Each structure stands twice: as C-alpha cells, then as structure tokens.
Amino acid sequence: MTDCNFTAESAAQHQAELNDYLQSKSINQLFIQIVESLLIEKPDNPIGFIVEFLQKKYPDQVCEKTLVGSEVSNRADLLKKPEDSFDEDDLDQEEDSESRVLETSIKLARAKKRKAVCSEVALDDQDEIAEFEKAPDAKLRILQVLQEHFLFRHLEQEQRELVTKAMSKVVLKRGEIAFTQGEDGDHFYVVDKGSVACFERRDGSEHETLVHTYNPGGTFGDLSIMYNTPRAATCRATTESRLYALPRKAFKVIVMKTTIEKRLHIKSLLQNVEIFKELKEHEFSKLADAMQEEAYEEGDVICRQGDVGSSFFIIKQGTATCIQADPHGNQQEVAQLTTGDYFGEIALLASKPRQGTVKATEKNGTLKLLYVERTTFNRILGSIEDILRRNQSY
C-alpha cells in the first residue's frame, strides 16, 4: 500500500495489527525486562549481557531458534566457499549465530517508520518522584486502564499504584494541543474525560491526516516512557478533556526501584533454602533473576503426588497445603506451607515422582509462587549435586 492510499482507517488497522502482535508475543514485556536488567547491572558489554539474559531467561526458545538458524546459515555459507577454503571449524559457529540473531533484530527495528529512537539508560535511582492526589474514583479508573495496558499489566499491583500516584492531571480546552508531531516526547497519557484526536503530516505535507481518536480509557504516548523518540503525530483535544500524564523518568525510577526490591526479596527467600547454602552471592543473584512467578487461586493444584516433577517452588505470598496418600488411597494433610516455605527441591536433583499433592489454600487472596525448572537451574548454575559437594572435601 502506497502512502497516498494510506488512509486513517488503514492506519488504525495497521496499528491494531502491530499491537496485537506485540501483545500476543509479549514483546513489550520482554523489552521492559531487558531494560530493567540493564539499568540494574549496568554491564560494560550490553549486547553480550542481553544475549546471556535471553539464554538464561528463555533457554529452550534461544537454543531451538539459534541452533536451527545457525545450521541453515552455516550450510549455505559452506556451499558458497571454494573447496580449498573449506575449514572444519565452520561447523562450530555459536558466536556467529548470536551475532546474526542480533543483526536481524536490528534490521527489523530499523524497518519501523519511527526514527531517532534511543533508550535512556543513565538514571539516578535515588531520585524522588512527585506524587499527585486524586479522588478515589479517578485512581480506580486509572488502575483499570493500566491493568489492561501491555506496558503495565505485568507489573505488580504495588507498582501500578505507584505509577498512578505519579500521574499528574492535564486539562485541555477544545482545540488545545497535548503535543506536536516531531517534538521530543517524555510523557504517557491516559484519557479520563473528553476525547483527543491524533493527526499526522506525511512527507512534509501541511495537510493533517486523522490517525486515531482516543476516548475515555484510551492511552497514547506509549513509546515515550520507554525511549527518547520524537512524537509521531500531533494530538489535539476535540472537546474539553481531562488527561493524566506519566513522565518517563517517573516510570523508569518506579520500575527500577521496585525491581531491585523484588530481586532482594527473592534472594532473601533463596538464602533460607537449605540446599542452596553453598551458593555464592553472585549465584544467588543469577538464580533470583531466573525465578518465574505464577499465581494460584484457592483449591488449585500446584503439583500432584505421583507426577514426575521438574520444578522447585518457593511461596512468595499466601498459603498452601501438602497432602499425602497412603498405599490404600487414604489422604492425610502432612504440612501447612506459608510465605518463605519451599517444596519440590527433589526435582532439582532428578526426575522423580512427587511425594505429595500441594494445593493452594489462600482464602483472602491469590497464592503467589516463585519457581525454577531444573533445566534452567542447571544451565545457569550447574547441577545441584556439584553445589552440594563443594565443601565435602574440607
């Protein structure tokens, strides 16, 4: 489709398709996780850090895709080479494969229409964030929007509440402009009342094309809280409107601060696990970053007696009950588990049947568990048997 036929309707459809893809593949959540880790660790080699982060966080996907891409690409390269230049080491190309994956990502990013996008990594995590009072019903409306938005839905409820407090009220009269196409953007907006229309000028034309109209509950300026990028459109109030604005700096400070606190909390839980007593400080940090979180409601079964286990669990919040059945099928409660308790550690040693059934019994909320798969644990730290044997010779 050429630019001259790129109507407001097709632009909205194109934007919806892009948003659907980003949400279905959790792309924005992945970007946020990467940026959070970069801000915390501040590595000298950010590219290598990102590759290692992806390998640790998503080992199965990285291995599967990288190996397939590497095999196909290497075979093609070998076919192009003359026989006298053949090198047996060409079959071992892990680093080249990682480079190709990154180059592909860069090319895809460059293909996007928005230009001059750069992430602001430098940030003082000690900065104080201003908070703005709001009526209870306004807070509730903002929270409901954030819970559905792809940039915020993965955050903890506490983080979303902090974000809500940091949003300031912006009142626009009819015809008043929120921001102009081309200017630097650093705020994300939620429409609480009225409507805001976004117009785009293409190829230097003075003619404005309506791209989208945002009504109450709508949001715009998403990229501006992630990156320092020029505004892609001019947004103008079509009626008297009330917006709530979040500055990029506040978003990053809140996310980084709460991420650090979350990491420290997970590390403290891991340090109380007996089989991890031999881990070093940096190993606790690696394991904390690898832990995944999952929520269960009352009555949900986390693991069942007799099933082969591959995950280790720690209770982050809530309560659970462990039940065992004797050879005659009689069930008996053998333990009540609460915050900080753990189970399934045998799964880190070997693929053995579970010795009991664990159910969520949290009546006043959701049971939140942290877990790690044996394959992930072995990939980032090595086998648990080697860790347990560390001090046996002393």
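Up top you'll find the structure we're talking about.
How each quantity is defined
- Residues numbered from 1 in each chain as written.
- Predicted model: local features only at pLDDT ≥ 70, side-chain atom pairs only at ≥ 80, totals over all residues.
- Heavy atoms only, no water.
- Helix = DSSP H or I, 4+ residues; strand = E, 2+ residues; numbered from the N terminus.
- Buried < 20%, exposed > 50% of the residue type's maximum accessible area, 1.4 Å probe, protein only.
- Contact = heavy atoms within 4.5 Å.
- Areas by Shrake-Rupley, 256 points an atom, 1.4 Å probe, with all protein chains shown as cover.
- Pairing = 2+ DSSP bridges.
- Axes fitted to C-alpha atoms, helices over the stretch in contact; angles between N-to-C directions.
- Phe/Tyr/Trp six-rings, centres within 6.5 Å; stacked < 30°, edge-to-face > 60°.
- Core = buried A, V, L, I, M, F, W, Y, C linked by side-chain atoms within 4.5 Å.
- Salt bridge = Lys/Arg side-chain N within 4 Å of Asp/Glu carboxyl O.
- Disulfide = S-S within 2.5 Å.
- Lys, Arg positive; Asp, Glu negative; His and termini not counted.
- Polar contact = N/O pair within 3.5 Å; in protein donor to acceptor, adjacent residues only side chain to side chain.
- Arc of directions from axis to C-beta.

Things to note about the overall build of the chain
Then, in step 1: Helix and strand counts for the chain stand at 11 helices and 16 strands.
Then, in step 2: Counting over 394 residues, the chain shows a buried share of 38%.
Then, in step 3: Within the chain, contacts between residues separated by at least 24 positions form 75% of all contacts whose residues are at least 6 apart in sequence.
Then, in step 4: In the form shown here, the chain has an accessible surface area of approximately 23,100 Å², with 50% of it arising from carbon and sulfur atoms.

What to know about the sheet that holds strand β5 (residues 209-214)
Then, in step 1: Pairing is antiparallel across the open sheet formed by 4 strands, whose spatial order is β2-β7-β4-β5. Single-partner strands in this sheet number two, and they are β2 (177-179) and β5. Each strand axis lies, on average, 30° off the axis of its neighbour in the sheet, ignoring direction.
Then, in step 2: Note that strand β4 (residues 196-200) and β5 share 5 bridges and pair antiparallel. If you follow Ala-197 over to β5, its bridge partner there is Thr-213.

Examining the packing of aromatic side chains
Then, in step 1: Summed over all chains, the structure comprises 11 aromatic pairs.
Then, in step 2: Geometrically, the ring pair formed by Phe-179 and Phe-220 is tilted, given 5.7 Å between the ring centres and 55° between the ring planes. Remark: Phe-220 occurs in strand β6 (residues 219-220) and Phe-179 occurs in strand β2; sequence separation between them is 41 residues.
Then, in step 3: The exposure class assigned to Phe-220 is buried, which follows from its relative accessible area of 2%.
Then, in step 4: Relative to Phe-377, the ring of Phe-276 lies with its centre 5.8 Å away and its plane at 20°, an arrangement referred to as stacked. A residue pair is termed long-range when its members are at least 10 positions apart, and Phe-276 in the loop between α8 (248-270) and α9 (281-290) and Phe-377 in helix α10 (residues 374-381) qualify at 101 residues.

A word on the nonpolar core
Then, in step 1: Grouped together as the largest cluster of nonpolar side chains are 23 residues, with contacts concentrated most on Phe-152, Met-167, Phe-188, Ile-225, Leu-246 and Phe-251.
Then, in step 2: Elements with a contribution of two residues or more to this core: α6 (136-148), α7 (157-166), β3 (187-193), β8 (241-247) and α8.
Then, in step 3: Discounting residues that sit within four places of it in the chain, Phe-188 has contacts with Leu-146, His-149, Phe-152, Met-167, Thr-219, Phe-220, Gly-221, Asp-222, Ile-225, Tyr-244, Ala-245 and Leu-246.
Then, in step 4: Counting residues in each nonpolar core, the second largest holds 22 residues, with Ile-275, Phe-276, Leu-348 and Ile-384 among its members.

Topic: the sheet that holds strand β13 (residues 331-337)
Then, in step 1: With respect to topology, 4 strands assemble into an open sheet ordered β10-β15-β12-β13, the strand pairing being antiparallel. Of all the strands in the sheet, the pair left with one neighbour each is β10 (301-303) and β13. Pairwise comparison of adjacent strand axes, ignoring direction, gives a mean angle of 30° for this sheet.
Then, in step 2: Bridge count for strand β12 (residues 320-325) against strand β15 (residues 357-360) is 4 bridges, and the pairing is antiparallel. For Ile-323, the partnering residue across the bridge sits in β15 and is Thr-357.

Let's talk about the pattern of salt bridges
Pairing between side chains of opposite charge can happen when their charged atoms approach one another.
Then, in step 1: Inspection of the entire model under this criterion finds 14 salt bridges.
Then, in step 2: Notably, a salt bridge pairs Lys-267 with Glu-281, separated by 2.6 Å at the nearest N-O pair. Residue Lys-267 is found in helix α8, and its partner Glu-281 is found in helix α9; the two are separated by 14 residues along the sequence.
Then, in step 3: With relative accessibility at 9%, the residue Lys-267 sits in the buried group.
Then, in step 4: Overlapping salt bridges bring together Glu-156, Lys-262, Glu-293, Lys-316 and Lys-368 as one network.

Things to note about the state of the cysteines
Working definition of a disulfide: a covalent bond connecting the sulfur atoms of two cysteines.
Then, in step 1: The tally for this structure, following the rule as stated, stands at 1 disulfide.
Then, in step 2: One disulfide bridge connects Cys-198 with Cys-235, the sulfur atoms lying 2.3 Å from each other. For the disulfide bridge between Cys-198 and Cys-235, the dihedral angle about the S-S bond is near 85°, and by the sign convention the bridge is right-handed. Placement of the pair is Cys-198 in strand β4 and Cys-235 in strand β7 (residues 234-237), with a sequence separation of 37 residues. Taken as a pair, Cys-198 and Cys-235 share a single burial class, namely buried.
Then, in step 3: With no disulfide of its own, Cys-303 lies closest to Cys-322 among cysteine sulfurs, the gap being 7.3 Å.
Then, in step 4: Given the relative accessible area of 10%, Cys-303 is considered buried.
Then, in step 5: Take Cys-322: its relative accessible area is 17%, and that puts it in the buried class.

Topic: the side chain of Arg-160
Then, in step 1: Its location among the elements puts Arg-160 in helix α7.
Then, in step 2: Here Arg-160 occupies a buried position and makes no salt bridge, while the nearest side chain of opposite charge, Glu-156, is found at 7.3 Å.
Then, in step 3: At a separation of 3.2 Å, a polar atom in the side chain of Arg-160 contacts the main-chain carbonyl oxygen of Phe-152.
Then, in step 4: With residues up to four places along the chain from it excluded, the contact list for Arg-160 reads Leu-143, Leu-146, Gln-147, Phe-152, Arg-153 and Leu-155.

Describing α10
Then, in step 1: Buried within α10 are the following residues: Arg-374, Thr-376, Phe-377, Ile-380 and Leu-381. Angular distribution of buried residues about the axis of α10 spans 160°; they occupy a single face of the element.
Then, in step 2: Phi turns positive one or two residues past the end of α10, at Gly-382, with a value near 90°.

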